[in-house]
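Residues per chain are reported as follows:
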Amino acid sequence: MGDPAVRVKICGVRCVEDALLDAELGADAIGVLVGQHHPSPDFIGVEQAAAMKRADSPLTTWPPRSRW
């Protein structure tokens, strides 16, 4: 079947519902844009990222908070 070492990361996640759906569908990690200093439709604030992390699966990988 597939290589068991392959991991899936979903980038540009912007809300709790999408983070939960990504985890439910088997994503190993999610990517968020936090603290960016340029305009981007995918930018979210630290508060939104923290809410997503609290609600997400403990099996989903998140970057260390010091990198937010």
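In this text the structure is predicted, and so the values were computed from the model without any measurement. Each chain has its residues counted from 1, following the order in which its sequence is written. Totals for whole chains, interfaces and linings use every residue, but because this is a predicted model, local features are given only for residues with pLDDT of at least 70 and side-chain atom pairs only at 80 or more, for both listing and counting. To obtain the side-chain values, all non-hydrogen atoms of the structure were included, while hydrogens and water were left out.

A. How the structure looks around helix α2 (residues 46-55). Burial status follows relative accessibility: with a 1.4 Å probe on protein chains alone, a residue under 20% of its type maximum counts as buried, one over 50% as exposed, and anything between as partly exposed. Here a strand is any run of E in DSSP of at least two residues, a helix any run of H or I of at least four, and the numbering for each starts at the N terminus. Taken residue by residue, α2 has A49, A50 and M52 as its buried positions. Viewed end-on, α2 has its buried residues packed into an arc of 160 degrees, placing them on one side of the element. Opposite the buried face of α2, by more than 90 degrees, sit the exposed residues E47 and R54. Contacts are residue-level and defined by heavy atoms, with any inter-residue pair within 4.5 Å sufficient. Where the residues of α2 are buried, they touch α1 (16-24), β2 (29-30), β3 (33-34) and β4 (43-44). What the arc describes is the spread of directions from the helix axis to the C-beta atoms.

B. Structural view of the environment of I30. By the element assignment, I30 lies in strand β2. Taking relative accessible area as the criterion, I30 reaches 3% and is therefore assigned buried.

C. Inspection of α1 at higher detail. Residues of α1 that are buried: A19, D22 and A23. The arc enclosing the buried residues of α1, seen along the axis, measures out at 95 degrees, which places them on a common side. Opposite the buried face of α1, by more than 90 degrees, sit the exposed residues E17 and E24. Of the surrounding elements, those touching the buried residues of α1 are β1 (9-10), β2 and α2. G26 sits one or two residues past α1 and shows a positive phi near 105 degrees.

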